[in-house]
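Single-letter residue listing:
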Amino acid sequence: MSYLKACAEGDLHEDTPLRVVLDDVPVTLVRTEGDVYAINDVCSHANVSLSEGEVEDCAIECWLHGSRFDLRTGRPSGPPANLPVPVYPVKIDGGAVYVEVNQES
Ligand code: FES
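Treat the numbers as computed from the prediction; the structure is a model and nothing was measured. (Residues numbered from 1 in each chain as written. Predicted model: local features only at pLDDT ≥ 70, side-chain atom pairs only at ≥ 80, totals over all residues. Heavy atoms only, no water.)

Description of the pattern of salt bridges
- In this structure the tally under the stated criterion is two salt bridges.
- Across the salt bridge formed by Asp 41 and Arg 19, the nearest N and O atoms sit 2.8 Å from each other. Taken together, the residues Asp 41 in the loop between β4 (35-40) and β5 (55-56) and Arg 19 in strand β2 (residues 18-22) connect sequence positions 22 residues apart.
- The closest approach of N and O atoms between Asp 70 and Arg 72, which form a salt bridge, is 3.0 Å.
- What makes Arg 72 partly exposed here is its relative accessible area of 49%. (Salt bridge = Lys/Arg side-chain N within 4 Å of Asp/Glu carboxyl O. Helix = DSSP H or I, 4+ residues; strand = E, 2+ residues; numbered from the N terminus. Buried < 20%, exposed > 50% of the residue type's maximum accessible area, 1.4 Å probe, protein only.)

Considerations on the UniProt feature "domain: Rieske" (unreviewed entry) in the protein chain
- Sequence positions flagged by UniProt for "domain: Rieske" (unreviewed entry) are, in local numbering, residues 4-99.
- Along residues 4-99 one finds 0% helix and 44% strand; the C-alpha atoms at either end are 5 Å apart. (UniProt positions renumbered as here; feature names shortened; annotations may be inferred.)

Section: the sheet that holds strand β10 (residues 96-99)
- The antiparallel open sheet is built from three strands, whose spatial order is β1-β10-β9. Across the chains shown, the open sheet's two edge strands, defined by having one partner strand only, are β1 (4-8) and β9 (90-93). Between one strand axis and the next, the sheet turns through 30 degrees on average, direction left out of account.
- Alignment of β9 against β10, held across four bridges, turns out to be antiparallel. Each bridged residue has a counterpart across the sheet, and for Ile 92 the counterpart in β10 is Val 97. (Pairing = 2+ DSSP bridges. Axes fitted to C-alpha atoms, helices over the stretch in contact; angles between N-to-C directions.)

Re the sheet that holds β2
- Pairing is antiparallel in the open sheet, where four strands are placed in the order β2-β3-β4-β8. The sheet terminates laterally at β2 and β8 (87-88), the two strands that pair on one side only.
- Here strand β3 (residues 25-32) pairs with β4 via six bridges, running antiparallel. Note on β4: the bridge partner recorded for Thr 28 is Ile 39.

Things to note about the packing of aromatic side chains
- What the rule picks out here adds up to zero aromatic pairs.
- A cation sits over an aromatic face here: Lys 91 above Tyr 3, 4.4 Å from the ring centre. (Phe/Tyr/Trp six-rings, centres within 6.5 Å; stacked < 30°, edge-to-face > 60°. Lys NZ or Arg CZ within 6 Å of the ring centre and 35° of its normal.)

Here is the structure:
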């Protein structure tokens, strides 16, 4: 279990995705509805950055074909994507945001 520092807490603005790369893993961070979520930045349908999509109802929408991924689970709510996107544990400590991208699963 190792959390990597992703950004300062103040870098995250409500419903505005922020793309970071941690250990070569592209991650989108989202602050919404009082929590911070980390989801892999690549849509499971094609190689598209989710950080360019819109956030609504604790989900992020892929801008290309409109699949929406739940930020808590990574599951798509509808086609064309039918596979989940990995999500990662987030910890906030001392004004910084930490993400654990290297999980055993
Ligand atoms: S590339 Fe994301 S839904 Fe098609």
